[in-house]
Amino acid sequence: MSGKRRVSSDTTPLLDPQQRSSPRYDPSSDRSFTPASFSVEMSATVTATAPHRHVFLGVDVGTGSARAGLFDENGKLLGSASSPIQIWKERDYVEQSSTDIWHAICAAVKSACSLANVAEEEVTGIGFAATCSLVAVDADGAPVSVSWSGDPRRNIIVWMDHRAVKQAEKINSSNSPVLQYCGGALSPEMQPPKLLWVKENLQESWSMVFRWMDLSDWLSYRATGDDTRSLCTTVCKWTYLGHAHMQQMSENDSRDMEACGWDDDFWEEIGLGDLVDGHHAKIGRSVAFPGHPLGSGLTPTAAKELGLVAGTPVGTSLIDAHAGGVGIMESVPEAYSDSNDYDKEAICHRMALVCGTSTCHMAVSQSKLFIPGIWGPFWSAMVPEYWLTEGGQSATGALLDHIIENHVASPHLANRAASQNISLFEILNNILRTMVDDQKAPFFAALTEDVHILPDFHGNRSPIADPKAKGIICGLTLDTSDKQLALLYLATIQGIAYGTRHIVEHCNAHGHKIDTLLACGGLSKNPVFIQEHADIIGCRIVLPRESESVLLGAAILGAVAAKKYASLSEAMKALNAAGQVIHPSNDPKVKKYHDAKYQIFRQLYEQQLSHRSTIAKALE
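Residues numbered from 1 in each chain as written. Predicted model: local features only at pLDDT ≥ 70, side-chain atom pairs only at ≥ 80, totals over all residues. Heavy atoms only, no water.

*Asks:* Tell me what's going on with the overall build of the chain, and back it up with residues and numbers.
*Replies:* Across its full length, the chain carries 18 helices and 23 strands. Evaluated residue by residue, the chain yields a buried proportion of 61% over its 620 residues. Of the contacts formed within the chain by residues at least 6 apart in sequence, a portion of 76% connects residues at least 24 apart. (Helix = DSSP H or I, 4+ residues; strand = E, 2+ residues; numbered from the N terminus. Buried < 20%, exposed > 50% of the residue type's maximum accessible area, 1.4 Å probe, protein only. Contact = heavy atoms within 4.5 Å.)

Set out below in structure tokens:
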């Protein structure tokens, strides 16, 4: 199969990897697995089974559910299914269970195959993507508790968990050279602060853990028994320096690499020197590019649990947001192509927005760009042999849910939405459109002229990188009506979009040349969310043909692992496709309005810093 040209760019080809011997895990020895039942939500376009077709399976574990999607050789979604996963939230502590997640995956995969009428032997390759949560298992692969409760099921510290703020501050005071590749400071959402928290607070668990793994790496390990880690997870969340491999690479080298990018001095300095033992056995002795085939494919036990064929190729994993990037970065209409020939620079003018519970902002460059408050540059963490820059907002979909669910009008509107069989967002969007006419507003966005929101309710990930930042709502009244909730909802969307504008402007000021956004994820399906982003940022936004871009990105890993494509870049070009393009408003009044509100948005944080300083002095 060749990657037929669909868009204007490619990357340096990923060489055919050679397999190496890695530690094996026998899932049948895992004491943690017990039968469970799941409620499965399913959607599919059912197609008749065709002989000899190649179907690629992508699995995505988000914050609230595990999903499976099946794609054909043209990148078309054949069917998908989801299954909910359990989560424990107590203040800054957010935990999950790897056992629960694996069962949810098995349910979702079986349901997706059934709905899409895909036979198990047609699944040609598998890829996993997941949140950048931290998994703890012992030498037998059984879960080890990371919870104050001691509950062994709770062996995952979820990405959004902020228990390790003090540990992050301690690590950031070290001034280690690795910090320059994280925007100058680690976030409490990264793994070293969380690891340090466990060592300082749960000594028994710390001594029991045999492997610490990013969730997506654990999934591929659970499926294959191969402990090879992904450059995506290790570089983006563990301070692994992927570019340490650049000098070793030649056309004949394996892309499955002995770990040489760990900075041992860093781990010693922050008090986690024991993780260096055994050639970094607990955190990763070998790494590989995303899509590298792992072990001998699915183990017989995992294949039986998933309803698939043993030996089916499994690719090295991606973080879920980065899978979204792989699923959309080449989804550019031909009209925007600079030439028929591949231009290495073309992809560098795009930024992927993966909009879900949080939003990740990802752009690539051929040279490394150090940007204060922005994660990276990460070498080959998403697109092989490109440097990745990663911004983000820790609460976007979660913030909209919070604003809506905590308003007195929410239950009434939720009932209306249910009775009309539409989403609550659609109800709110319709209310806003009616308000434009009723209030004779000059344009849609002007409804929020008296309401301004700083969306840092879960801290600021970038570009300010202040985990202590708080959210602000300016312009509240005693009004508790549906219309007042709609205004808060719109102002929150705008606040999120101003945050994205801040990230884009900050990146461009430090060497990027971003002029096109590509959006995917649940929020990208909301037309008000997308149009406000286009108007506020001033960039066109391309939506993918297939809305399930994270699943597609994961499936692309499986296609590469099965060697149906010579490289991840070739697979992206073949399987990505553009859909609708949203352009910014050409009304100069809209631009003037958003420029003014953006100025207020920036001032809200400056005022917060001033207030913080005033109170600190008062408490001296």
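Okay, back to it.
*Asks:* Describe the nonpolar core, and please don't skip the residues or the numbers.
*Replies:* Counting residues in hydrophobic clusters, the biggest one holds 91 residues, and the most contacted among them are Leu 195, Trp 212, Trp 267 and Ile 556. Take this core: its biggest share by element is nine residues, from helix α16 (residues 549-561). If you look at the next biggest cluster of nonpolar residues, it comprises 43 residues, including Leu 353, Leu 369, Ile 404 and Ile 514. (Core = buried A, V, L, I, M, F, W, Y, C linked by side-chain atoms within 4.5 Å.)

*Asks:* Can you tell me about the confidence of the model for the chain, naming the residues and giving the values?
*Replies:* Caution applies to low-pLDDT parts of the model: their predicted coordinates are not meant to be read in detail. Averaged over every residue, the pLDDT of the chain is 90; the share at 70 or more is 89%. This model gives residues 250-254 a pLDDT under 50, and the stretch forms seven contacts once residues within four places in sequence are excluded. (pLDDT = per-residue confidence, 0-100.)

*Asks:* Kindly report on the packing of helix α11 (residues 397-405) against helix α14 (residues 482-509), identifying the contributing residues and their values.
*Replies:* Two numbers describe how α11 lies on α14: the axes approach to 10 Å, and their chain directions differ by 160 degrees. The orientation of α11 relative to α14 falls into the category roughly antiparallel. The crossing of α11 and α14 is right-handed. Contacts from Leu 399, Leu 400, Ile 403 and Ile 404 in α11 reach Leu 485, Leu 488, Tyr 489, Thr 492, Ile 493 and Ile 496 in α14. (Axes fitted to C-alpha atoms, helices over the stretch in contact; angles between N-to-C directions. Parallel < 35°, antiparallel > 145°, perpendicular 65-115°, else oblique. Left-handed = near helix turned anticlockwise from the far one by under 90°.)

*Asks:* So, the packing of α16 against helix α17 (residues 568-575): which residues are in play, and what are the values?
*Replies:* As a packed pair, α16 and α17 sit with axes 10 Å apart at the nearest point and diverge in direction by 125 degrees. The pairing of α16 with α17 is recorded here as oblique in orientation. Read as a crossing pair, α16 and α17 show a hand that is right-handed. On α17, the residues that touch Leu 552, Ile 556, Leu 557 and Val 560 of α16 are Leu 568, Ala 571, Met 572 and Leu 575. Partitioned by chemical class, the residues of the contact of α16 with α17 number eight nonpolar, no polar and no charged. (Nonpolar A, V, L, I, M, F, W, Y, C, P; charged D, E, K, R; others polar.)

*Asks:* Tell me about the pairing of strand β22 (residues 540-544), and please be specific about residues and values.
*Replies:* It is a general feature of regular strands that their side chains alternate between the two faces of the sheet. The buried fraction of β22 is high, at four of five residues. Where strand β21 (residues 516-520) meets β22, three bridges bridge the pair, whose relative direction is parallel. Among the inter-strand pairings, Thr 516 is bridged to a residue of β22, identified as Arg 540. With three bridges connecting them, β22 and strand β23 (residues 578-582) associate as antiparallel partners. Directly across from Val 542, in β23, lies its bridge partner Val 581. (Pairing = 2+ DSSP bridges.)

*Asks:* Let's hear about the packing of aromatic side chains: which residues, and what values?
*Replies:* For the coordinates displayed, the defined rule picks out 15 aromatic pairs. Aromatic pair Trp 102 and Phe 128: ring centres 6.4 Å apart, planes at 35 degrees, arrangement tilted. Of the two residues, Trp 102 is situated in helix α1 (residues 98-116) and Phe 128 in strand β7 (residues 123-130); the sequence distance between them amounts to 26 residues. The pair Trp 102 / Phe 128 is uniform in exposure class, with both members buried. Counting every residue linked through ring pairs, the aromatic cluster contains Tyr 240, Trp 262, Phe 266 and Trp 267. The ring centre of Tyr 598 lies 4.1 Å from the NZ or CZ of Arg 501, which sits over that ring. (Phe/Tyr/Trp six-rings, centres within 6.5 Å; stacked < 30°, edge-to-face > 60°. Lys NZ or Arg CZ within 6 Å of the ring centre and 35° of its normal.)

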